[in-house]
Amino acid sequence: MNTVIKVKRAPLCFELNMRYTLNFRCKQIVRYSQKLDTGQIQPDISNSSKNTEKFVHSVISNILKRKPNTNLTPKKIVIDFSSPNIAKPFHAGHLRSTIIGNFIANIHKYYKDYVFKINYLGDWGTQFGLLQYGLKAQNVNMNELQKPIKQLYDIYVNMNKLAETDENVQNEARKYFSDIEQGKISLENWKKIRNVTVHELENVYQRLGITFDAFHWESDYNGIAIRDLMDYLQKHNIISNDETGKKIATINNKKITFLKSDNSTLYLTRDVAALLDRHKKYDFDKMLYIVDNSQADHFSSVFEIVKQFNKKCTEGCEHIKFGRIKGMSTRKGNAVFLNDILDEAKQKMYEKQMQSKNTRQSAMNEETCDILGTTAVVINDLKQRRQRDYEFNWDRALQSEGDSGIKLQYLHCRLRSLEKNCGVSIPEFCSPALLTEDIIVDVVNELSKFENVLQRSFEAYEACILVSYLFRLAKCINKMFKEMKVKNVDQSTAEQRLLVFHAARIVVKTSLEILGVRPLDEM
């Protein structure tokens with residue numbers, strides 16, 4: 001005879017309590033992991049010397065292999081960043097886009113993704129009509145300009161001020177741009193302006209150590225180029241005419257202008273066309289736009305419009321937002337061009353280094369000062385939370401004692417100098433039995449967090465996570481410098497200690513390169 005056993009269900013309160021307990025435990029584990037990464041607590045590796053030795057050997061060996069911990073299939077990542085306007089200043093907003101975009105590109109490359117970097121230059125729109133009107137009104141010959149970018153910018157500023165009080169100037173600029181877009185006016189001046197702008201931008205990017213896979217232009221998606229797209233959108237009722245002759249799109253029950261009544265395109269028009277074109281060309285897994293917080297509504301509109309007829313295209317699209325820099329100026333006043341900022345950083349860096357007792361005079365050439373100045377600006381930016389506005393301060397950015405890019409460059413130089421001048425060679429294998437001192441285990445413990453920190457920085461696109469880790473690691477390494485000698489100890493011990501310093505340098509160098517900084521060997 002079969003016996004049936006009835007199991008009485010636990011009371012609901014018990015079930016809820018178990019759920020709460022499990023949820024609480026999960027949160028505890030997450031918090032514990034985060035505290036390990038930030039150094040607030042240390043893992044328990046002191047149960048036995050054998051466990052410590054295994055730990056040290058594993059960490060050092062993995063760093064020497066230089067392979068990221070990833071089993072993911074490489075993805076195709078297209079990144080649109082920097083994107084200044086031609087004949088206008090490369091301002092602080094473009095600087096943040098450039099620095100953050102370069103970091104995101106580098107960290108994707110570290111994880112073996114296929115990255116395509118686009119610089120989408122603004123060479124179209126009513127503001128360009130205003131510039132062209134100014135050139136014509138002032139009878140300017142492009143071939144005779146001595147400092148073309150500066151002079152073109154001055155013309156634009158003057159015309160913009162004039163347009164504020166003279167409606168005729170604004171109307172003429174609009175008409176000028178409309179005629180250009182419809183192919184009614186020669187583009188000879190436009191081509192010259194584009195060429196001189198690209199030439200100057202390439203000099204700036206070279207100083208920052210940044211390259212692009214392609215320069216794209218807003219004008220690639222002018223009124224003539226996107227006629228087929230406009231016909232498609234109208235045919236499928238995605239856009240429609242209003243009573244003034246504008247083309248209107250509806251997004252979340254809100255009507256927005258998609259094309260002007262004179263058939264001139266807008267940023268929205270051109271960005272929709274550009275997104276579709278990129279998806280067709282690159283078949284991307286992700287399309288990332290590195291643009292400040294103020295453009296959130298714009299990109300939401302771009303994605304929503306395209307989603308109505310090509311959902312697959314928008315699935316990988318993301319607007320990576322960032323806050324603004326306040327107070328970035330040179331000693332001459334408010335900075336306009338990025339070159340002014342980089343020149344200021346280089347000069348200030350030269351002055352500070354000449355006053356420092358740690359500076360090697362022979363190493364302080366113009367290129368070194370330029371790299372140090374750029375490092376200061378880049379690290380000062382990336383140590384901020386991405387979406388927050390922040391106040392720029394030259395003294396904080398260029399300090400060598402506190403948490404700054406200069407401190408990290410100095411650390412890398414010190415580690416490199418040790419490798420070259422300590423009198424022993426870096427061994428091929430780790431012998432952890434010779435690495436039992438507490439400070440060495442502390443450094444190795446900090447090094448063990450690198451991949452986890454990098455993964456968190458990657459998932460959140462937050463460079464500050466990696467920068468904060470580097471500052472903590474730097475303190476630990478500097479303490480090891482004070483407590484552990486490499487010279488004047490037996491050779492085997494010296495080699496193993498050097499190996500730990502070498503592993504630390506690999507992590508520092510790799511991190512700096514991901515952040516977009518060129519590590520110096522001496523300074």
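Look a little higher up for the structure.
Residues numbered from 1 in each chain as written. Predicted model: local features only at pLDDT ≥ 70, side-chain atom pairs only at ≥ 80, totals over all residues. Heavy atoms only, no water.

A. Quick look at the overall build of the protein chain. Within the protein chain, the secondary structure is distributed over 19 helices and 12 strands. Relative to its 523 residues, the protein chain shows a buried fraction of 50%. The long-range share in the protein chain, meaning contacts at least 24 apart out of those at least 6 apart in sequence, stands at 77%. (Helix = DSSP H or I, 4+ residues; strand = E, 2+ residues; numbered from the N terminus. Buried < 20%, exposed > 50% of the residue type's maximum accessible area, 1.4 Å probe, protein only. Contact = heavy atoms within 4.5 Å.)

B. Spotlight on the side chain of Ser-219. Within the secondary structure, Ser-219 sits in the loop between strand S3 (214–217) and helix H8 (227–235). Note on Ser-219: relative accessible area 6%, which makes it buried. In terms of polar contacts, Ser-219 uses its side chain to reach the side chain of Asp-123, at 2.5 Å. Excluding residues within four positions of it along the chain, Ser-219 makes contact with Asp-123, Trp-124, Trp-190 and Arg-194. (Polar contact = N/O pair within 3.5 Å; in protein donor to acceptor, adjacent residues only side chain to side chain.)

C. Summary view of helix H9 (residues 267–282). Helix length check: H9 (16 residues) gives 22 Å between terminal C-alpha atoms against 22 Å at 1.5 Å per residue, within 8%. Most of H9 sits out of view: 12 of its 16 residues are buried. For H9, every residue scored as buried is listed here: Leu-268, Thr-269, Arg-270, Asp-271, Val-272, Ala-273, Ala-274, Leu-275, Leu-276, Arg-278, His-279 and Tyr-282. Phi turns positive, to about 45°, at Asp-283, one or two residues after H9. (Expected span 1.5 Å × (residues − 1).)

D. View of the pattern of salt bridges. Under the definition given, this model contains 23 salt bridges. For Asp-179, the salt bridge is made with Lys-175, and the minimal N-O distance between the two is 3.0 Å. Of this pair, Asp-179 and Lys-175 are both found in helix H6 (residues 167–181), 4 residues apart, which corresponds to roughly one turn of the helix. The exposure class of Lys-175 is partly exposed, given its relative accessible area of 48%. A salt bridge links Asp-403 to Lys-407; its shortest N-O distance comes to 3.8 Å. Using a relative accessible area of 29% as the deciding quantity, one classes Asp-403 as partly exposed. Via salt bridges that share partners, Arg-416, Glu-419, Arg-505 and Asp-521 belong to a single interconnected network. (Salt bridge = Lys/Arg side-chain N within 4 Å of Asp/Glu carboxyl O.)

E. Examining the packing of helix H5 (residues 148–165) against H6 more closely. Two elements in contact, H5 and H6, have axes separated by 5 Å at closest approach and are oriented at 120°. By the angle between their directions, the pair H5 and H6 is classed as oblique. Residue-level contacts link Met-159, Leu-162, Ala-163 and Thr-165 of H5 to Glu-167, Val-169 and Gln-170 of H6. Tallied by class, the residues present in the contact of H5 with H6 amount to 4 nonpolar, 2 polar and 1 charged. (Axes fitted to C-alpha atoms, helices over the stretch in contact; angles between N-to-C directions. Parallel < 35°, antiparallel > 145°, perpendicular 65-115°, else oblique. Nonpolar A, V, L, I, M, F, W, Y, C, P; charged D, E, K, R; others polar.)

F. Region of interest: the sheet that holds strand S2 (residues 114–121). Taken together, the 5 strands give an open sheet; going across it, the order is S3-S2-S1-S7-S8, and neighbouring strands pair in parallel fashion. Both edges of this open sheet fall to S3 and strand S8 (317–320), since each of them pairs with a single strand only. Between one strand and the next, the sheet's axes are offset by a mean angle of 25°, whatever the strand orientation. Running at roughly 140° to S3, helix H7 (residues 188–208) makes contact with S2 and S3 of the sheet. Helix H10 (residues 296–307) rests against strand S7 (286–290) and S8 of the sheet, and its axis sits at about 175° to S8. (Pairing = 2+ DSSP bridges.)

G. Seen up close, the sheet that holds strand S4 (residues 239–241). Taking strand neighbours across the sheet as the criterion, the 3 strands line up as S4-S5-S6 in an open arrangement whose pairing is antiparallel. The open sheet has two edge strands, S4 and strand S6 (254–259), and neither has a second partner. Between one strand axis and the next, the sheet turns by 40° as a mean value, whatever way the strands run. Sheet analysis places S4 next to strand S5 (residues 247–251), joined by 3 bridges and oriented antiparallel. Counted as the bridge partner of Ile-239 is Ala-249 from S5. In the packing of H10 onto the sheet, the strands contacted are S5 and S6, and the crossing angle to S5 comes to about 95°.

H. Looking closely at the packing of aromatic side chains. Going through the model one piece at a time under the given rule, you end up with 17 aromatic pairs. Taking 5.2 Å as the distance between ring centres and 90° as the angle between the ring planes, the aromatic pair formed by Tyr-110 and Tyr-111 counts as edge-to-face. The exposure class assigned to Tyr-111 is buried, which follows from its relative accessible area of 5%. With centroids separated by 6.3 Å and ring planes inclined at 90°, the aromatic side chains of Phe-458 and Tyr-461 adopt a geometry described as edge-to-face. For the residue pair Phe-458 and Tyr-461, the accessibility class agrees, reading buried in each case. By way of ring pairs, the aromatic residues Phe-81, Tyr-205, Phe-212 and Phe-215 are connected into one cluster. The positively charged end of Arg-194 is found above the aromatic ring belonging to Trp-217, 3.8 Å away from the centroid. The ring of Phe-481 has Arg-414 sitting right over it, with the charged end atom 4.0 Å from the ring centre. (Phe/Tyr/Trp six-rings, centres within 6.5 Å; stacked < 30°, edge-to-face > 60°. Lys NZ or Arg CZ within 6 Å of the ring centre and 35° of its normal.)

By themselves these figures say nothing about function.
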